[in-house]
Amino acid sequence: MARELEKVYEPKAVEDRWYKEWVEKGYFHADPAKDGPAFSIVIPPPNVTGVLHMGHALNNTLQDALCRWKRMRGFNVLWMPGTDHAGIATQNVVERQLAAEGTTRHAYGREKFIQRVWQWREESGGTIINQLKRLGASCDWERERFTMDEGLSRSVREVFVRLYEEGLIYRGDYIINWCPRCMTALSDLEVEFEEKPGKLYHLKYPLVDGSGVITVATTRPETMLGDTAVAVNPEDERYRHFIGKRVMLPVSNREIPVIADAYVDPAFGTGAVKITPAHDPNDFEIGLRHNLNRIRVMDDAGKMTEEAGKYAGMDRFECRGKLLLELDQTGVLGTVEEHLHAVGHCYRCRTVIEPAVSKQWFVKVEPLAKEAIKAVREGIPGPDGKIRKINILPKGWENSYFDWMENIRDWCISRQIWWGHRIPAWHCDECGELTVAREDPVVCGKCGSRNIRRDPDVLDTWFSSALWPFSTMGWPDETPELKKYYPTAVLVTAFDILFFWVARMIMMGIHFMEEPPFTDVYIHALVRDAQGQKMSKSKGNVIDPLVMIDKYGTDAFRFTMVAMAAQGRDIKLSEERIEGYRNFCNKIWNAARFVHMNLGDFEATPLKEGDAVSLPDRWIVSRMDAVAAEVDRALTDYRFNDAAGALYQFVWHEFCDWYLELIKPVLYADAGPVKSATLNVLVNVFEGTMRMLHPFMPFITEEVWQSMPLAERDASVMVSKFPEANDAFRNEAAESEMKMVIDIITGIRNIRGEMNIAPSLELAAVVKASSPEVKAFLDAQGNYITKLSRLSGMTVETEVERPKASAVAVTPAAEIYIPLTGVVDIEAEVARLKKEIDKADKEIKPFEAKLANEGFVKKAPPEVLEKTRGIIEELTQKKEKLAEGLKRIEGFKE
RNA sequence: GGGCGGGUAGCUCAGCCGGGAGAGCAACGGCCUUACAAGCCGUAGGUCGUGGGUUCGAUCCCCUCCCCGCCUACCA
């Protein structure tokens, strides 16, 4: 079935067609009732507002490679896809829309606003899913989930209620991070700190009894309006006599106490700290210890409250400026130091975060974290009593994980926004009690009053993501999916959501499923630009994966991702790399064209032991087997770049550069058993290579594989078997024989290249074989050499009279002489030989130095010693033979 | 402040248990050789950040220092 293939690979013509076919045939669908050991992955759900960026592209390419590989290895694979409702981000998107229409969500009302968000989701929420499809992702789209859909919402509610009942969720007044722009509380993780040069203002607070002044230092002077104490270290001699006295707080003119607390570092600032329990986490703690009042001087919008007196209603930063003026004029302001400090920003909108006391919902994390630490450190027993251990790879990240988990603070889960899972708690206006329930209650659970209101807050989006590995499989019901696919095999993600998401999934998975949600956590790189900068829209250095896919094809793009995904290192991506792998696709394509051109009506049958007869056939079959083993091992270890590298090297430099060239004479000859045998090897190796490449380059491999004339075949390369290592195809002899051939051809090519001998000029060669065996081999297989090095003829002897005035190439197995008469000028060869001798000489030196070292000879292991001697022997011989050649040619010259 | 990772060819990076420094791009020279010029053949290029130590032997292990990146932290 020879068919006409385009001269260059055209991805566009291929990708849509096959993707549709795979979906239609249901190859992506996971059926828990089917055979095969389970292999499951849950996708890190992208934000429903998201568009595909490089991080997604890398992340999903790696997952897809694993899934396709495992499917081909006979596993029952589930790749669970879906999106995350991304509370704040999504709400922001829709609020911007409303703003453009001249309205606000408050004008809209809660119900209508939520409807509007759903509407937005219907219209644009599927963007990233379609982009994942362009990437070739083989997710089970029939199971696509959304964190706000009905099933997942039920899981969220169940988890909330259970944790509440267990006392692991509580509500209370604590200091939290508040974003005055998003108007919501944030968890500690959602605050991003940025080092900024700021100022440290010294403020003088006079003692009420007139006995002096205490100078405090602050970076946020406006908070002084809420000060309720001044704290000093109890050991600090300078201030000891002030403890217990009162100072007059300037501006507000309130009396506040001077207290002693070990938290205060006498060495920093003035050694005295103003305490604002309502607006600083440390001050809050001190406030608790000393039973201080909490005065909120800023409201939820970042404006000063009535407590701020004349500054009431003013924006916090404006207030800072005005207040400083007043403090300066009234002599309260002392020195002002330059001070580098970390300022917290909202991770969604970059607004400066204000710590504030607020009534919020929290998860008591410590008991959950304890188990989660154990699961990574030593493993915990699952329901069957067997130990389940999580491996975080690369292992280095485990330390970050432990560090964070061991110092974890309670998780603020309530958000004052509308888009999200509303907290299932009702407040009673009669008795003030809370009712938390699985089904919406109509009366207060305590007093039975009908006068109840639902808590307005929604849950942190990460709360629902934390349940993803089991909520997507139907929990709390006992489903076949959970039974078959939980726990999942591996979680593939970047480190930036290790705490946000991975750690929380581990905690929730252990708590509710009694075992961790995955066995391996593979942390991959971050994609940066060619200069190593983080890609960002504002820097304008973003490489859009979809643009790359349009330009170079999905396969080229994916292979780039995989080839660069070395463990533990960020990817610096440049377009040239993608272009390089586009060329690789083209190379594969042209190899396919070549195969087709020589097929005729040949149809291949599966390769059996002994089918490979000729040297190139035995060699390529052996090499392919080795590569199959290497790729399989590399993928098992998540060494994606090694897998890609092995395949690239094999396809380009072994299959194309050597094998195809070597078999050309056979292919160009008339039909016969020899040709058929070679065609059979050719097609088998090539289609096997397509199978090996398929996890990385799904489209071109399918297109090419489908075009191969196979007597027995599966319906798609996707559902074919991944090549398995098979000792029967390993052939050491063929590999060493090929090495001889390659060495000799390379030697002759080197002479040609170095001495500018036209490729078209045929040369005669005299070969001195190092042994009768080598001579016999070269006599039998020499045609490969004459062909690929364009010789008019080659004579092989074990003892030869060196032809005068000949160029010399030395290989371990043979010396090659190319008579130069009439071919090239002698001087060039003299120069070339000198260079070669010099090179050999340089190579030998370090080894000779080793042997000259007494300690080395005495202490090095014998095999190292032997190897060293062997190397010296080989190089010395080479050098001597080159030198002899040089002597002869110089003699000839005279 | 603490912690982690990195500094290897012009560029981007590999380099497992210490035992001949590799690849891909780029460069240079030569080729339209009937799969592929998005190609073929060949060549050159490295004090493995610095200084020490351990060892017969160090890119690899230990320490110092210098750069770069990241994570983390309640020094107001």
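Higher on the page you've got the structure.
Read on for an overview of the structure. (Residues numbered from 1 in each chain as written. Chains lettered and ligands numbered in written order. Predicted model: local features only at pLDDT ≥ 70, side-chain atom pairs only at ≥ 80, totals over all residues. Heavy atoms only, no water.)

## Observations concerning the packing of aromatic side chains
Then step 1. Per the counting criterion, the structure on display carries 38 aromatic pairs.
Then step 2. Note on phenylalanine 584 and tyrosine 648: the rings are 4.6 Å apart at their centroids and 40° apart in plane angle, and the pair reads as tilted. Here phenylalanine 584, found in helix H18 (residues 575-597), pairs with tyrosine 648, found in helix H20 (residues 640-668); they are 64 residues apart in sequence, far enough to count as distant.
Then step 3. Consider the rings of phenylalanine 584 and tryptophan 652, whose centres lie 6.2 Å apart with planes at 10°: the pair is stacked. Of the two residues, phenylalanine 584 sits in helix H18 while tryptophan 652 sits in helix H20, which places them 68 residues apart along the sequence. Taken as a pair, phenylalanine 584 and tryptophan 652 share a single burial class, namely buried.
Then step 4. Chaining the aromatic ring pairs together yields one cluster made of Phe559, Tyr581, Phe584, Tyr648, Trp652 and Phe696.
Then step 5. Over the ring of tryptophan 22 we find arginine 68; its NZ or CZ atom is 4.6 Å from the centre of that ring.
Then step 6. Here the basic side chain of lysine 70 rests over the ring of phenylalanine 75, its NZ or CZ set 4.3 Å away from the ring centre. (Phe/Tyr/Trp six-rings, centres within 6.5 Å; stacked < 30°, edge-to-face > 60°. Helix = DSSP H or I, 4+ residues; strand = E, 2+ residues; numbered from the N terminus. Buried < 20%, exposed > 50% of the residue type's maximum accessible area, 1.4 Å probe, protein only. Lys NZ or Arg CZ within 6 Å of the ring centre and 35° of its normal.)

## Here we look at the nonpolar core
Then step 1. Counting 222 residues, the largest nonpolar core has Met405, Phe463, Met508, Phe655, Phe686 and Phe696 as the members making the most contacts within it.
Then step 2. With 16 residues, H20 is the largest single contributor of residues to this core.
Then step 3. Those residues in contact with phenylalanine 686, other than ones at most four positions away along the chain, are Ile588, Ala591, Ala592, Val595, Phe655, Val704 and Met708. (Core = buried A, V, L, I, M, F, W, Y, C linked by side-chain atoms within 4.5 Å. Contact = heavy atoms within 4.5 Å.)

## Description of the protein's contact with RNA strand B
Then step 1. With respect to spatial proximity, 59 residues lie near RNA strand B, and among them Asn282, Arg569, Arg582, Asn853 and Lys859 are the closest.
Then step 2. The contact atoms of RNA strand B, taken as those within 4 Å of the protein, divide so that sugar and phosphate hold 58%.
Then step 3. The separation between a base nitrogen of RNA strand B and a polar main-chain atom of alanine 591 is 3.4 Å.
Then step 4. In this structure, glutamate 661 approaches RNA strand B through a side-chain N or O atom, which is 3.3 Å from a base nitrogen.
Then step 5. At the level of elements, strand S8 (213-218), H18, H20, helix H23 (732-754), helix H25 (826-852), helix H26 (854-859) and helix H27 (862-893) are the ones that each hand at least two residues to the surface near RNA strand B. (Near = heavy atom within 4 Å. Polar contact = N/O pair within 3.5 Å; in protein donor to acceptor, adjacent residues only side chain to side chain.)

## A short note on the packing of helix H17 (residues 554-564) against helix H22 (residues 698-707)
Then step 1. Where H17 contacts H22, the axes come no closer than 7 Å and their chain directions differ by 125°. Between H17 and H22, the angle falls in the class oblique. Residues Thr554, Asp555 and Arg558 of H17 lie in contact with H22, whose contacting residues are Pro698, Phe699 and Ile700.
Then step 2. Classifying every residue of the contact of H17 with H22 by side-chain character gives three nonpolar, one polar and two charged. (Axes fitted to C-alpha atoms, helices over the stretch in contact; angles between N-to-C directions. Parallel < 35°, antiparallel > 145°, perpendicular 65-115°, else oblique. Nonpolar A, V, L, I, M, F, W, Y, C, P; charged D, E, K, R; others polar.)

## Let's talk about the environment of glutamate 848
Then step 1. Within the secondary structure layout, glutamate 848 lies in helix H25.
Then step 2. Residue classification places glutamate 848 among the partly exposed positions, given a relative accessible area of 43%.
Then step 3. Sequence separation between glutamate 848 and proline 234 is 614 residues; the distance between their C-alpha atoms is 71 Å.

## Quick look at the pairing of strand S20 (residues 425-428)
Then step 1. Neither face of S20 is open: one carries Ala425 and His427, the other Trp426 and Cys428, and all of them are buried.
Then step 2. Bridge count for S20 against strand S21 (residues 434-436) is three bridges, and the pairing is antiparallel. Across the sheet, residue alanine 425 finds its bridge partner in S21, namely valine 436.
Then step 3. Here S20 folds back onto S21 in antiparallel fashion, the turn holding five residues, of which glycine 432 has a positive phi close to 75°.
Then step 4. Note: S20 against strand S22 (residues 452-454), three bridges, orientation antiparallel. Each bridged residue has a counterpart across the sheet, and for cysteine 428 the counterpart in S22 is isoleucine 452. (Pairing = 2+ DSSP bridges.)

## Looking at the pattern of salt bridges
Then step 1. This structure, assessed with the given rule, holds 66 salt bridges.
Then step 2. A salt bridge links arginine 240 to glutamate 237; the nearest nitrogen and oxygen atoms lie 3.5 Å apart.
Then step 3. Assessed through its relative accessible area of 40%, arginine 240 is described here as partly exposed.
Then step 4. Overall, glutamate 237 belongs to the exposed group, its relative accessible area being 55%.
Then step 5. Measuring nitrogen to oxygen at the nearest pair gives 3.1 Å for the salt bridge that ties lysine 322 to glutamate 318. Here lysine 322 and its partner glutamate 318 are both found in helix H9 (residues 316-329), four residues apart, which amounts to about one turn of the helix.
Then step 6. For lysine 322, a relative accessible area of 41% corresponds to the partly exposed category.
Then step 7. Overlapping salt bridges bring together Glu630, Arg633, Asp637, Arg639 and Asp642 as one network. (Salt bridge = Lys/Arg side-chain N within 4 Å of Asp/Glu carboxyl O.)

## Looking at helix H1 (residues 11-25)
Then step 1. Under the 1.5 Å per step criterion, the end-to-end length of H1 is 21 Å for 15 residues, consistent within 8% with the ideal 21 Å.
Then step 2. Among all positions in H1, only Pro11, Val14, Glu15, Trp18, Tyr19 and Trp22 are buried. An end-on view of H1 places all buried positions within 115° of arc, on one side of the element. Opposite the buried face of H1, by more than 90 degrees, sit the exposed residues Lys12, Ala13, Asp16, Lys20 and Glu24.
Then step 3. Residues of H1 that are buried sit in contact with helix H2 (54-72), helix H6 (127-134), helix H16 (545-552), H17 and H22.
Then step 4. Among the residues trailing H1, glycine 26 stands out with phi positive, at a value near 75°. (Expected span 1.5 Å × (residues − 1). Arc of directions from axis to C-beta.)

Interpretation note: all reported values are geometric properties and have no functional meaning in isolation.
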